[in-house]
Amino acid sequence: MLLFAACSDQTPEQKPDPLPPQNAAEPDDVIARVGSEVITFSEVNKMLNDSALLGMSPPEPGSPEREQLMIELMDKAITANLIYLDAKNNGIDRLRSYTEDVARFEDALIASLHKSRIMIGDIQVSESEIRHFYNTHANRETELSDDFKLAIGSMIRQHKMDELEATLRQRLRKDVVVAINHKVLSADYDNKRSDADVVATYNHHRISWSQVKALMLDTERDRSPAAFYIENDAHRRERLEHYLDEAIMALKGRAAGLENDPEYIRRAAAYRKVRLINEHRN
């Protein structure tokens, strides 16, 4: 109980005393260890503050109720870490269902970071662009106030975003050779193809039907029969094109070193842990 005395307050001197570090890479606010895993004060405090998102009002800072809730949340974190370590000891992290799901998440995360940071980037709007827009489009009776500048800047930024989005596929595939096997993709081939049949390639990478068939399910129909795919070949093509875009962005994101990005490392590690815990519970 003494560990969490007044721990709900935000000033550093009121946080509980951390455990002595075991290595230089360890966070400086560790309050519990479970095997090789650590639990930090900031992690538990975030869990408490996130309760507001669920419609629950956290207890008042410094109250016994808040202290007790912090202890209960730490206990849940300890239990989750015990399950995580037990799952690893039992080889759950080697199950195909787990490794494939994690790979899909990591590819999607890399692709998202590549798109936002490299393909789109931080869109800047200059003062001269704002004034040019004002001089050519705005009513001269309207004052160029700070608020109006923000509004103009937002419109220009959105226009630039739209332009980048419109040319994204062209820019992304500039140095990539993409080929689609229209015969295998076609609805006419549904009773003939196997999961191993290749529907597309990009450079030396192959995409099999098994990788994309879930995308081809017709959401307007009952999903239980696996044969209920969308019948329109043009719609199939667009879904496959989007899958190719994501795959190419993931490939280029890794080439750009985004696997070493702190945000990627944090989000990927959190997903692997939660996914493994859920897999073990199931």
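The rules behind these values
- Residues numbered from 1 in each chain as written.
- Predicted model: local features only at pLDDT ≥ 70, side-chain atom pairs only at ≥ 80, totals over all residues.
- Heavy atoms only, no water.
- Phe/Tyr/Trp six-rings, centres within 6.5 Å; stacked < 30°, edge-to-face > 60°.
- Helix = DSSP H or I, 4+ residues; strand = E, 2+ residues; numbered from the N terminus.
- Buried < 20%, exposed > 50% of the residue type's maximum accessible area, 1.4 Å probe, protein only.
- Lys NZ or Arg CZ within 6 Å of the ring centre and 35° of its normal.
- Core = buried A, V, L, I, M, F, W, Y, C linked by side-chain atoms within 4.5 Å.
- Contact = heavy atoms within 4.5 Å.
- Salt bridge = Lys/Arg side-chain N within 4 Å of Asp/Glu carboxyl O.

**A look at the packing of aromatic side chains**
Under the criterion given, the structure shown has 3 aromatic pairs. A centroid spacing of 3.9 Å and a plane angle of 5 degrees characterise the contact between Phe 105 and Tyr 271, whose relative ring orientation is stacked. With Phe 105 in helix H3 (residues 96-120) and Tyr 271 in helix H10 (residues 262-281), this residue pair connects regions lying 166 residues apart in the sequence. The class of Phe 105 is partly exposed, set by a relative accessible area of 23%. With centroids separated by 5.3 Å and ring planes inclined at 85 degrees, the aromatic side chains of Trp 209 and Tyr 229 adopt a geometry described as edge-to-face. Taken together, the residues Trp 209 in helix H8 (residues 209-212) and Tyr 229 in the loop between H8 and helix H9 (233-255) connect sequence positions 20 residues apart. Across the pair, Tyr 229 and Trp 209 agree in class, each one buried. In this structure, Arg 193 packs its charged tip against the face of Trp 209, placed 3.8 Å from the ring centre.

**Some words on the nonpolar core**
Inside soluble globular proteins, nonpolar side chains tend to come together where they are buried. Within the largest apolar cluster, 32 residues are counted, with the highest numbers of intra-cluster contacts made by Val 199 and Leu 240. Elements with a minimum of two residues in this core: H3, helix H6 (168-172), helix H7 (182-185), strand S4 (198-202), H8, H9 and H10. Setting aside chain neighbours within four positions, we find Leu 240 in contact with Ile 180, Leu 185, Val 199, Ala 200, Val 212 and Met 216. Counting residues in hydrophobic clusters, the runner-up holds 20 residues, among them Phe 41, Ala 77, Leu 276 and Ile 277.

**Quick notes on the pattern of salt bridges**
Using the criterion set out here, one finds 24 salt bridges in the structure. Between Lys 160 and Glu 129 there is a salt bridge, and its shortest N-O distance comes to 2.9 Å. One end of the pair, Lys 160, is in helix H5 (residues 146-166); the other, Glu 129, is in helix H4 (residues 127-137), and 31 residues separate them in sequence. Its relative accessible area of 22% is what places Lys 160 among the partly exposed residues. Residue classification places Glu 129 among the partly exposed residues on the basis of a relative accessible area of 28%. A salt bridge links Arg 169 to Asp 245, with the shortest nitrogen-to-oxygen separation between them at 2.8 Å.

Geometric descriptors of this kind do not, in isolation, establish any biological role.
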